[in-house]
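Listed below, chain by chain, are the residues.
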Amino acid sequence: MIRLPLALFFSAILFSAGVYGVLARRNAVLVLMSIELMLNAVNVNLVAFAQRLRDLNGQIFALFVIAVAAAEVGIGLAIVILIYRNRETINVDEVNLLKW
Amino acid sequence: MTAQEWVFVVLAAIGALAAFRLVTTTNVVHGALYLVVTLAMVGGAYLLLAAEFVAWVQVLIYVGAIVILFLFGLMLTKAPIGRAALDNQQRGVAFVIGVLMLGGLVYLIQAAFPWDAGERIAPVAGSGSTGAVGESLFRGYVLPFEAVSFLLLAALIGAIVLSRKDDRPR
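Cut-offs applied
- Numbering of residues starts from 1 in every chain and runs along the sequence as written.
- As they are written, the chains are lettered A onward and the ligands numbered 1 onward, keeping that order.
- Note on the predicted model: pLDDT of at least 70 is required for a residue's local features to be given, and 80 or more for side-chain atom pairs to be given and counted; whole-chain, interface and lining totals, by contrast, use all residues.
- Labels follow the DSSP assignment, with helices taken as runs of H or I lasting at least four residues and strands as runs of E lasting at least two, numbered in each case from the N terminus.
- Three exposure classes are used. Buried residues have 20 or more other C-beta atoms within 10 Å of their own C-beta, exposed residues have 12 or fewer, and partly exposed residues fall in between, all C-beta atoms being placed from the backbone.
- Residues are defined as contacting one another if the C-beta atoms placed from their backbone atoms lie within 7 Å.
- Under this scheme, a helix contributes an axis fitted over its contacting stretch, all axes are lines through C-alpha atoms, and angles between N-to-C directions fall in the 0 to 180 degree range.
- Working definition: roughly parallel below 35 degrees, roughly antiparallel above 145 degrees, roughly perpendicular at 65 to 115 degrees, and oblique for all remaining angles.
- When DSSP locates at least two bridges between a pair of strands, those strands are taken to pair.
- Amino acids outside the nonpolar list (Ala, Val, Leu, Ile, Met, Phe, Trp, Tyr, Cys, Pro) and the charged list (Asp, Glu, Lys, Arg) are all regarded as polar, and Gly is one of them.
- Confidence per residue, as judged by the predictor, is encoded in pLDDT with a range of 0 to 100.

S.K.: Tell me about the overall build of chain B, residues and numbers included.
M.R.: On a plain count of helices and strands, chain B comes out with 7 helices and 1 strand. When its helices and strands are written in sequence order, chain B yields α-α-α-α-α-β-α-α. Its C-alpha atoms give chain B principal-axis dimensions of about 65 × 45 × 25 Å. Taking all 170 residues of chain B together, the buried fraction comes to 27%. Pairs at least 24 residues apart make up 60% of the contacts formed inside chain B by residues separated by at least 6 positions.

Dropping the structure here:
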């Protein structure tokens, strides 16, 4: 027996930390890590509500989120390495060719 | 508070602390290790919520594979050490936004599920077992499952194509 708000608070803390990381970091790998934190926060919510409502669909959504996150990290790191090879930097504020 | 709740609080506290250190640390490799701690604590939380299969998937894919990918990414790029090299100038604004977001979320959660109302998660034993999840997955989500497998294949090929050395003469 676990109180539902406890899981939701945990998820809220993880999500806020992820938001801060995405906004404050300039190293692209650390930005990707912060995105992973936010995805994990969503997964905690999905699993908590799935168990609260006794409905497996939430857990299956969490599994899909994990799979998509794995694909995203693979592509994201490939892009980061490509940028590093071309620009000698992975600071996201220096990669501004497409910035208006 | 029950014993399970105390264990959950401890796991959540360690996970939240590691998440906070992850976004404030000045060494990227330490950041990856803090990410391991956070992900493992989230996996522990899944176990406490009786979602065994998701917990083991979390350990295998996140702690096992994604963190290794991150470490490879750090290894192949130059990772400077220091706050000025890792944080940008918007840190103050970002901190305010993060705190506001946390406050807003906590307010919303309190309003929707008041602590005193005592809404509890009472997981049924075996509700998150591999068998149950697999049956539900392949009964209702076969097409999304295939789509995700195709997405993973596309990501695999895309990552290879992107990070391959370009040997063509210019």
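S.K.: Could you give an account of the packing of helix α2 (residues 28-52) of chain A against helix α2 (residues 28-48) of chain B, with specific residues and numbers?
M.R.: Where α2 of chain A meets α2 of chain B, the axes come as close as 11 Å, and the angle between the chain directions of the two elements is 5°. It follows from the interaxial angle that α2 of chain A and α2 of chain B lie roughly parallel. Note on element contacts: α2 of chain B touches α2 of chain A through V28, G31, L35, T38, L39, V42, A45 and Y46 of chain B, opposite V29, L30, M33, E36, L37, N40, V44 and V47 of chain A.

S.K.: Outline the interface of chain B and chain A, listing residues and values.
M.R.: Each partner contributes residues to the interface: chain B has 77 residues there, and chain A has 60 residues. With 12 residues, helix α3 (residues 52-76) of chain B is the single largest residue contributor to the side of chain B that touches chain A. Both strand β1 (residues 2-3) of chain A and strand β1 (residues 120-121) of chain B contribute to a ladder of 2 bridges, which runs antiparallel. Of the residues in β1 of chain B, the one forming a bridge with I2 of chain A is I121 of chain B.

S.K.: A description of the packing of helix α3 (residues 57-87) of chain A against α3 of chain B should follow, citing residues and the corresponding values.
M.R.: Relative to each other, α3 of chain A and α3 of chain B sit at 10°, their axes nearing to 10 Å. Classed by the angle they form, the pair α3 of chain A and α3 of chain B counts as roughly parallel. On α3 of chain B, the residues touching Q59, A62, L63, I66, A70, V73, G74, L77, V80 and I81 of chain A of α3 of chain A are V54, V57, Q58, I61, Y62, A65, I66, L69, G73 and L76 of chain B. Partitioned by chemical class, the residues of the contact of α3 of chain A with α3 of chain B number 16 nonpolar, 4 polar and no charged.

S.K.: Account for the confidence of the model for chain B, naming residues and giving values.
M.R.: Across chain B, the average pLDDT comes to 89, with 98% of residues at or above 70. Reported confidence for the predicted complex is 0.92 by ipTM and 0.91 by pTM.

S.K.: Can you break down the environment of T25 of chain B residue by residue, with the values?
M.R.: Residue and element names in this part refer to chain B. Among the structural elements, T25 can be located in the loop between α1 (3-24) and α2. Residues T25 and G82 lie 57 residues apart in sequence; the distance between their C-alpha atoms is 8.6 Å. Ignoring anything within four residues of it in the chain, the contact list for T25 reads H30, G31 and Y34.

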